[in-house]
Amino acid sequence: MANERVLVVDDEPQIRRALRIALKADGYEVTEAETGQSGLAQIATRPPDLVILDLGLPDLDGVNFCQQVREWTQLPIIVLTARNDERSKVVALDEGANDYVTKPFSVPELLARMRASLRDARPNQPALGVIRAGDIEIDLAARRITRAGSDVHLTPTEYALLRFLALHAGRLITHGLLLRSVFGPGYADSRGSLRVHIASLRKKLEADPSNPQLLLSEPGVGYRFTIPQNSDALQRS
């Protein structure tokens, strides 16, 4: 994490100050922008490793900011905003945000989500390998899932869903993005089917499916695959 640089785009000086103090204490280099246009200019001239973005900017809506950034870079964006309605979350995530945190916020949670987004963005991770999460191992090359050393049988659809979520571990994936990526563009509204498949995955992978620890859901928004801190991340086969 040493020397990773975070751009905070927020028009509230007190929020920028609080984030600057917290992030620097955790070892990040911090730059700031109080408008969307100045944030875009900084990204163009000196790209950061991650952006923390408020949606309510004085000159540019945060969703439009995400759209413009995604035209030419995939750097991680975490939305940090007072808007907590379902539609705002879905739209921001669908238009390119990697994660969504509402104000008031927990600094430890924000730092954890930043670490997850930065892991997801690192280009030196192998395309194929083994993802370990607790006693679950996902061998991407062999298309093999084990739990505590025993094989777990998944249907092709279940495997495709798990693979997509695991490759984006830590990131909140919207229902629409997950459906489009796994089922295809014609299935963007098939949330009922998605819930059935996720429930089946939890029965096969979770110690307590009624209290999931790996496949987490945010009601009305989407799902997140989490890797316990004592597990290895994506590794070479």
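Cut-offs used in this document
Residues numbered from 1 in each chain as written. Predicted model: local features only at pLDDT ≥ 70, side-chain atom pairs only at ≥ 80, totals over all residues. Heavy atoms only, no water. Helix = DSSP H or I, 4+ residues; strand = E, 2+ residues; numbered from the N terminus. Rg over C-alpha atoms; globule rule 2.2 N^0.38 Å. Contact = heavy atoms within 4.5 Å. Areas by Shrake-Rupley, 256 points an atom, 1.4 Å probe, with all protein chains shown as cover. Lys, Arg positive; Asp, Glu negative; His and termini not counted. Charge placed at Lys NZ, Arg CZ, Asp CG, Glu CD. Polar contact = N/O pair within 3.5 Å; in protein donor to acceptor, adjacent residues only side chain to side chain. Buried < 20%, exposed > 50% of the residue type's maximum accessible area, 1.4 Å probe, protein only. Pairing = 2+ DSSP bridges. Arc of directions from axis to C-beta. Axes fitted to C-alpha atoms, helices over the stretch in contact; angles between N-to-C directions. Salt bridge = Lys/Arg side-chain N within 4 Å of Asp/Glu carboxyl O.

Enquirer: Let's hear about the overall build of the protein: which residues, and what values?
Expert: A count of helical and extended segments in the protein gives eight helices and twelve strands. Relative to its length of 237 residues, the protein is compact, with a C-alpha radius of gyration of 18 Å against a globular reference of 18 Å. Each principal axis of the C-alpha distribution contributes one length, and for the protein these read about 50 × 40 × 30 Å. Residue pairs at least 24 apart in sequence account for 60% of intrachain contacts in the protein once pairs closer than 6 positions are excluded. Total accessible area computed for the protein in this model is approximately 11400 Å², and 48% of it derives from carbon and sulfur atoms. Seen as two clouds, the 29 positive and the 30 negative side-chain charges of the protein have centres 3 Å apart.

Enquirer: Go over the side chain of D99, please, and point to the residues and values.
Expert: Mapping D99 onto the fold places it in strand 5 (residues 99-102). For D99, the side chain forms a polar contact with the side chain of R224, separated by 2.9 Å.

Enquirer: I'd love a proper account of the environment of R195, names of residues and values included.
Expert: On the secondary structure map, R195 appears in helix 8 (residues 191-205). Judged by its relative accessible area of 52%, R195 falls in the exposed class.

Enquirer: Tell me about the pairing of strand 2 (residues 29-33), and please be specific about residues and values.
Expert: Strand direction decides the pairing type here: strand 1 (residues 5-9) and strand 2, joined by five bridges, are parallel. Note that in strand 2 the partner of V6 across the bridge is V30.

Enquirer: So what about helix 2 (residues 36-45)? Which residues, and what values?
Expert: Taken together, the buried positions of helix 2 are occupied by G36, G39, L40 and I43. For helix 2, the arc enclosing every buried residue in end-on projection is 100°, short of the 170-degree limit, so these residues lie on one face. Residues of helix 2 that are buried in the fold lie against strand 1, strand 2, strand 3 (50-53) and helix 3 (62-70).

Enquirer: Outline the pairing of strand 8 (residues 144-147), supporting the account with residue identities and numerical values.
Expert: In terms of strand pairing, strand 7 (residues 136-139) meets strand 8 through four bridges, oriented antiparallel. Residue pairing in the sheet places D139 in a bridge with R144 of strand 8. Turn length for the strand 7-strand 8 hairpin, with the two strands adjacent in sequence and antiparallel, is four residues, and the turn residue R143 shows positive phi of about 55°. Alignment of strand 8 against strand 9 (residues 150-151), held across two bridges, turns out to be antiparallel. Bridged to R147 within strand 9 is S150. From the end of strand 8 to the start of strand 9, which pair antiparallel, there are two residues, and A148 there has a positive phi angle of about 55°.

Enquirer: Tell me what's going on with the sheet that holds strand 1, and back it up with residues and numbers.
Expert: What the five strands build is an open sheet, ordered 2-1-3-4-5; its pairing is parallel. Two strands in the sheet have a free side with no partner beyond their single neighbour: strand 2 and strand 5. Each adjacent strand pair in this sheet contributes to an overall mean axis angle of 20°, direction not counted. Here helix 4 (residues 86-94) sits on the sheet in contact with strand 4 (77-81) and strand 5, set at roughly 145° to strand 5.

Enquirer: I'd love a proper account of the pattern of salt bridges, names of residues and values included.
Expert: In the structure shown here, the tally under the stated rule is 16 salt bridges. Between R16 and E32 there is a salt bridge whose closest N-O contact spans 3.1 Å. One end of the pair, R16, is in helix 1 (residues 13-25); the other, E32, is in strand 2, and 16 residues separate them in sequence. Several salt bridges converge on common partners, so that one network encompasses D10, E12, D54 and K103.

Enquirer: Give me the sheet that holds strand 8: which residues, what numbers.
Expert: What the four strands build is an open sheet, ordered 6-7-8-9; its pairing is antiparallel. Only two strands of the sheet have a single neighbouring strand rather than two, namely strand 6 (130-133) and strand 9. When strand 6 meets strand 7, the two strands line up antiparallel, connected through four bridges. Paired with I131 across the strands is I138, a residue of strand 7. Lying over the sheet, helix 6 (residues 156-167) contacts strand 6, strand 7 and strand 8, oriented at roughly 100° with respect to strand 7.

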